[in-house]
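Listed here are the chains, written in short residue letters.
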Amino acid sequence: MQPSRPLYEREPELAAAAKALDALCGGQAAGGLLVFSGEAGIGKTALLAEIRAMAADRCTVWSARGGETVTSVPFHVVRQLLQPALDRFPADETRALFGDWFEIAAPALGLADPSGPQPDPQGVRDGLDYVVSRLASRLSHRPLLLILDDAHWADGESLAWLAGFTARLSELPVLVVQAHRPQELADRDADWAVARGAQDTGTAGHPALIRVALRALTPEATAELVRAGLGDHADDPFCREVWAVTGGNPYEAVELVAKAQDRALTPVEESAGLLRELGASARGSGLVARLERLGTNANRFAWAAAVLGTEISQELAATLAGMSSAEAADCTARLRDARIVSGFDPLEFVHPLIASAVYRSIPPATRTAMHGRAAWAITQAGLGAAAASRHLLEVHPDDDQELVAQLREAARQHLAVGAPEAARRCLERALDEPPRPRDRAALLYELGCATLLSSPATTVQHLRAALDTPGLDGPLRIDATFRLASALSHNNQLKDAALSLAAEASRTAPGPGLMRLQAAHFLWEGMQAAEDDGPARSARLARNADHLKGRDNAERALLTLRAFDAMLRGENAQQVVDFCERALVDGRPARGLGWTDSEWGFELPAMVGITYAFTDQLDRAETLFGEAVRAFEISGWSGAHLAFAHTLLGLVHRRRGRLAEAEGFLREGLRLADRAGSGLPVHWDAACLLVDTLLARGRTADARLVADRYSFGPPYPSAMVLPDAPCVRGRLLLAEGRTEEAIAELESAGAALEPRGRFNGVWAPWAGDLARALADTDPVRAAQLATRARVHAERFGTDTAIGEALRCLALFAPEEEAVQLLSDSVRHLEASSSAYEHALARLEYGTALRSHREIARAQKLATACGAEGLAARAQQLRASIRSSE
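As the structure is a prediction and not an experimental result, all values here were calculated from the model. (Residues numbered from 1 in each chain as written. Predicted model: local features only at pLDDT ≥ 70, side-chain atom pairs only at ≥ 80, totals over all residues. Heavy atoms only, no water.)

**Notes on the overall build of the protein**
For step 1, the next point in the chain: The helix and strand inventory of the protein stands at 44 helices and seven strands.
For step 2, the next point in the chain: Each principal axis of the C-alpha distribution contributes one length, and for the protein these read about 110 × 70 × 50 Å.
For step 3, the next point in the chain: Out of the 885 residues in the protein, the part that is buried amounts to 56%.
For step 4, the next point in the chain: Long-range pairs, those at least 24 residues apart, make up 67% of the contacts in the protein between residues at least 6 apart in sequence.
For step 5, the next point in the chain: When the accessible surface of the protein is totalled, it reaches about 36,000 Å², and 51% of it is carbon and sulfur. (Helix = DSSP H or I, 4+ residues; strand = E, 2+ residues; numbered from the N terminus. Buried < 20%, exposed > 50% of the residue type's maximum accessible area, 1.4 Å probe, protein only. Contact = heavy atoms within 4.5 Å. Areas by Shrake-Rupley, 256 points an atom, 1.4 Å probe, with all protein chains shown as cover.)

Here it is as structure tokens:
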């Protein structure tokens, strides 16, 4: 395809674009990412315009552009891309397009007022993915082309969405083409897809990502450009001087040729000496001087336009410049004639270089005052505090309490649409104003809450400052302490979390607030991987909770913690379940204790479900965890929260012995967690369970890959891992034949758990695995371990615990007694719904009896639950028995 207008020396770039468009439109239904980079004026915008023209008859094209003065406006680029497409639909059809994502993603696009809990930014991004995918599917079989110019000035929220969206372009008929200045983008440290590993333009086939760096024009191409504008009689010395003055920068060359035309300059060697002066007028101080020659009004109007940035309303610019509509129209005409702006209403600067030069030419004091007036004008126009906030951020601190109030309101609006970073900027700026002393603590509290999802370490800093500042009293102080503890725990500082809660509880009067602090203190003390005196804490918790009926949420929280602690300790399972029942209302979390309720946190319903999972109440656990997935999806909490919910469902399936399903949920949990960051608590839980599940499936090498990828091993985090991490690692080492290392790991696990009174052998199966590891080298100690494990299992009383303990004890019993122990193990595990452990026991029982029938049943069970290694073992045993008969 030939370009619609000349672009000099851009054949490789156009060829790359044509190839990408051909792949997109050729029925392959595969999208991709095409990235152009280069310095200012190198021709990125002209190239994108040419690609748009190339695609016009083949694709639906949406476009957007970043702006230097609007990088702080959340979702600015996303709105440019999507709003024109969505405006074509009536309101009810727009809502249908969003489906369940409407309340989550529509507010970010300005299509609805926020409602419901504060959305997770990842949930908003997922909602945008869904909407774009739905829109792409409704384009009458025309693939979609998204064009983003000046990506280095795109807002962070849009860049974060694009980074995730472009990672899945191979699934969609969507091509994204973006252009940026590499240094500016690098300076912003944006999370953008260029960092995902590009391929060169010349790579064979159709790569998902093509990256092209634009180069300056050669002297020959510059000469062609000059002669196209000034005529074929332009001589070589003149053309070469144009190249020397502009460095081959296409924008500057075009502007210089246009000015030569304006000056009626003869394009010959004798005129070449004037080119440097003309070139200087196209940029920097020369451009400013040219603007000033247009008159005071035009200059002031251009300043107003530069302050407003992009999509400039002529009326708003007139208000900001202090002139009438007629004067603004006259200024617009003069600026258009001078090739400084284009359009009428809205206006745009002809080139970002011009916009930057005009903006930077405004005297600093004047620029600050104009931002303040722009904020006022936007507020008066009814556009809201969030829209005005980008201007308020530029105003110098001046003890203005109205500005503090506006910025706090803007922060609330940003949080409500899933833009915590924008909220953080507003609140930090409000602190600089400064606020009144009586408001400072509350503002610090709000700042800490704003950063909870994005930066636990920053949250800790702000909440500690809030608690140390006079004025934070009553329920707000309780909540700040509770959130501080939560942030500390997510920052791998559980001991500090517990200490903070204990300190605040010591100076809090009796009442619901104190009970909330006490419950949180028990929570983060008990969740520590290491503890000074676990039995004493458990005894205190029992004294505080055993008599409670669950009459309010504080009581229910304590009962939840008591149930979880009793489960870990291996107390009577029926009593443990009774604690869980008292912690719920009609079998469900009470209002205020649900998965997305912020007062208590998601940890409490998770603990109830986990307790059910390890007390053989798998149906109840699965119901709770299914509700967690739905609650997080409905609320748009699709980052670490949704990752944890999938991990919990993986736990239930692992306990049931549905190993293939468990693996699927756990891998999805890790995928979701990877999007949210690295080294998160949920990474440990999901990796630990996945390693355990893969070992049960007989896939030791795959388990090792997971362990290595997620650094599953010492040093362990300060929080306990689901299930006990050293126990699972010991099991992995045993499967790899690294017996001595496994023994050391399992002994270490027992040494940590026994002093705390944690004897649940299903949660932490160290004793049984250590007994098996020692069976050949130290059978006496191994038998003692197995006997003690049986005592603890019978005290706990679940079929899974007893069945597993009996299966282990059979290793050390005389033959006849071993057969009876295995028979009892099969009976208990069959009743427990733990299909994998049932298959293991039945295989060992059949082996002890040399029963072809029992081994066949074990093989069938192993196959049904996805334990391929166990099924293969059973097959081999059956063959061995047949051959010996």
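Having seen it, we continue.
**Some details on helix α16 (residues 325-337)**
For step 1, the next point in the chain: Taking 1.5 Å per residue, 13 residues should reach 18 Å; α16 reaches 18 Å between its end C-alpha atoms and fits that length.
For step 2, the next point in the chain: Taken together, the buried positions of α16 are A328, C331, T332 and L335. Projected onto a plane normal to the axis of α16, the buried residues spread over an arc of 105° and lie on a single side. Exposed positions of α16 whose direction lies more than 90 degrees from the buried face are A326 and D337.
For step 3, the next point in the chain: In the segment just after α16, R339 is the residue with positive phi, at about 60°. (Expected span 1.5 Å × (residues − 1). Arc of directions from axis to C-beta.)

**As for the environment of P589**
For step 1, the next point in the chain: Take P589: it is sitting in the loop between α29 (573-583) and α30 (603-613).
For step 2, the next point in the chain: Once the C-alpha coordinates of P589 and P605 are considered, the two residues, 16 residues apart in sequence, prove to be 6.5 Å apart.
For step 3, the next point in the chain: Excluding its chain neighbours within four sequence positions, the residues that come into contact with P589 are L584, G594, P605, L624 and E627.

**A word on helix α42 (residues 835-849)**
For step 1, the next point in the chain: Its 15 residues place the ends of α42 21 Å apart at the C-alpha level, agreeing with the 21 Å of an ideal helix rising 1.5 Å per residue.
For step 2, the next point in the chain: Of the residues flanking the end of α42, it is R850, one or two places downstream, whose phi is positive at about 55°.

**Here's the deal with a negative patch on the surface**
For step 1, the next point in the chain: On the surface, a cluster of negative charge is made up of D398, D399, D400 and E402.
For step 2, the next point in the chain: Checked against the element boundaries, D398 lands in the loop between α19 (385-392) and α20 (401-416).
For step 3, the next point in the chain: Overall, the relative accessible area of 62% leaves D398 in the exposed class. (Patch = residues over 30% accessible without salt bridge, like charges linked within 9 Å, V, L, I, M, F, W, Y side chains within 5 Å. Salt bridge = Lys/Arg side-chain N within 4 Å of Asp/Glu carboxyl O. Lys, Arg positive; Asp, Glu negative; His and termini not counted. Charge placed at Lys NZ, Arg CZ, Asp CG, Glu CD.)

**Thoughts on the state of the cysteines**
For step 1, the next point in the chain: Per the counting criterion, the structure on display carries zero disulfides.
For step 2, the next point in the chain: This cysteine, C688, is not joined by any disulfide, and C727 carries the nearest cysteine sulfur, 8.8 Å off. (Disulfide = S-S within 2.5 Å.)

**Description of empty space enclosed by the protein**
For step 1, the next point in the chain: One pass over the structure, following the stated rule, counts four cavities of 30 Å³ or more.
For step 2, the next point in the chain: Approximately 180 Å³ is the volume found for the largest cavity.
For step 3, the next point in the chain: Around the largest cavity, the lining comprises 17 residues; the ones closest to its centre are G67, G309, T310, P352 and A355.
For step 4, the next point in the chain: For the lining of the largest cavity, the elements supplying multiple residues, two or more each, are β7 (347-349) and α17 (352-361).
For step 5, the next point in the chain: For the lining of the largest cavity, the element with the highest residue contribution is α17, accounting for four residues.
For step 6, the next point in the chain: Along the lines of polarity and charge, the residues of the lining of the largest cavity split into six nonpolar, seven polar and four charged. (1 Å grid on protein atoms, 1.4 Å probe; cavity = no way out; pocket = protein on both sides within 12 Å on 5 of 7 lines; lining within 4 Å. Points joined across faces, edges and corners; volume = space filled by probe spheres on them. Nonpolar A, V, L, I, M, F, W, Y, C, P; charged D, E, K, R; others polar.)

**Some remarks on the confidence of the model for the protein**
For step 1, the next point in the chain: For the protein, the mean per-residue pLDDT works out to 91, and 96% of the residues sit at or above 70.
For step 2, the next point in the chain: Contacts of residues 1-5 to residues separated by more than four positions or lying in other chains number nine contacts, the stretch itself having pLDDT below 50.
For step 3, the next point in the chain: In the model, residues 190-207 has pLDDT below 50 throughout and makes 41 contacts with residues more than four positions away in sequence or in other chains. (pLDDT = per-residue confidence, 0-100.)

**Points about the environment of Y8**
For step 1, the next point in the chain: Here Y8 lies in the segment before α1 (11-25).
For step 2, the next point in the chain: When the C-alpha atoms of Y8 and T222 are compared, they prove to be 8.0 Å apart, with 214 residues separating the residues in sequence.
For step 3, the next point in the chain: Residues in contact with Y8, not counting those within four places in the same chain, are L217, A221, E224, L225 and A228.

**Description of the pattern of salt bridges**
For step 1, the next point in the chain: On inspection of all chains with the given rule, the structure shows 67 salt bridges.
For step 2, the next point in the chain: The residue R562 makes a salt bridge to E571 at a minimum N-O spacing of 3.1 Å. For the pair R562 and E571, one class covers both residues: buried.
For step 3, the next point in the chain: We note a salt bridge from R731 to D769, for which the minimum N-O separation is 2.9 Å. You can see R731 sitting in helix α36 (residues 725-735) and its partner D769 sitting in helix α38 (residues 766-774), a full 38 residues away along the chain.
For step 4, the next point in the chain: Among the residues examined, R731 registers a relative accessible area of 22% and is labelled partly exposed.
For step 5, the next point in the chain: The network of salt bridges with common partners includes R654, R655, D692, R731, D769, R772 and E837.

**A look at the sheet that holds strand β4 (residues 174-180)**
Strand pairing in a sheet relies on backbone hydrogen bonds. The paired strands run either parallel or antiparallel.
For step 1, the next point in the chain: The strand order β2-β3-β4-β1-β5 describes an open sheet built from five strands, whose pairing is parallel. Whereas interior strands pair on both sides, the edge strands pair on one side only; in this sheet they are β2 (60-65) and β5 (209-213). In this sheet, neighbouring strand axes are inclined to one another by 15° on average, regardless of whether the strands run parallel or antiparallel.
For step 2, the next point in the chain: Its contacts with the sheet put helix α7 (residues 156-166) on β1 (32-37), β3 (144-149) and β4, and the angle it makes with β4 is roughly 135°. (Pairing = 2+ DSSP bridges. Axes fitted to C-alpha atoms, helices over the stretch in contact; angles between N-to-C directions.)

**Focus on the environment of R671**
For step 1, the next point in the chain: Within the fold, R671 resides in helix α33 (residues 659-676).
For step 2, the next point in the chain: Spatially, the C-alpha atoms of R671 and N760 are 30 Å apart, while their sequence positions differ by 89 residues.

**A few points about the side chain of R654**
For step 1, the next point in the chain: As for its placement among the helices and strands, R654 is situated in helix α32 (residues 640-656).
For step 2, the next point in the chain: With relative accessibility at 2%, the residue R654 sits in the buried group.

**Comments concerning the nonpolar core**
For step 1, the next point in the chain: In terms of nonpolar packing, the biggest core is built from 193 residues, with W595, I610, W763 and W766 touching the most fellow members.
For step 2, the next point in the chain: Those residues in contact with W766 that sit more than four places away from it in its chain are C727, L746, A749, G750, L753, E754 and L785.
For step 3, the next point in the chain: Within the second largest apolar cluster, 46 residues are counted, among which are V77, F89, L146 and L159. (Core = buried A, V, L, I, M, F, W, Y, C linked by side-chain atoms within 4.5 Å.)

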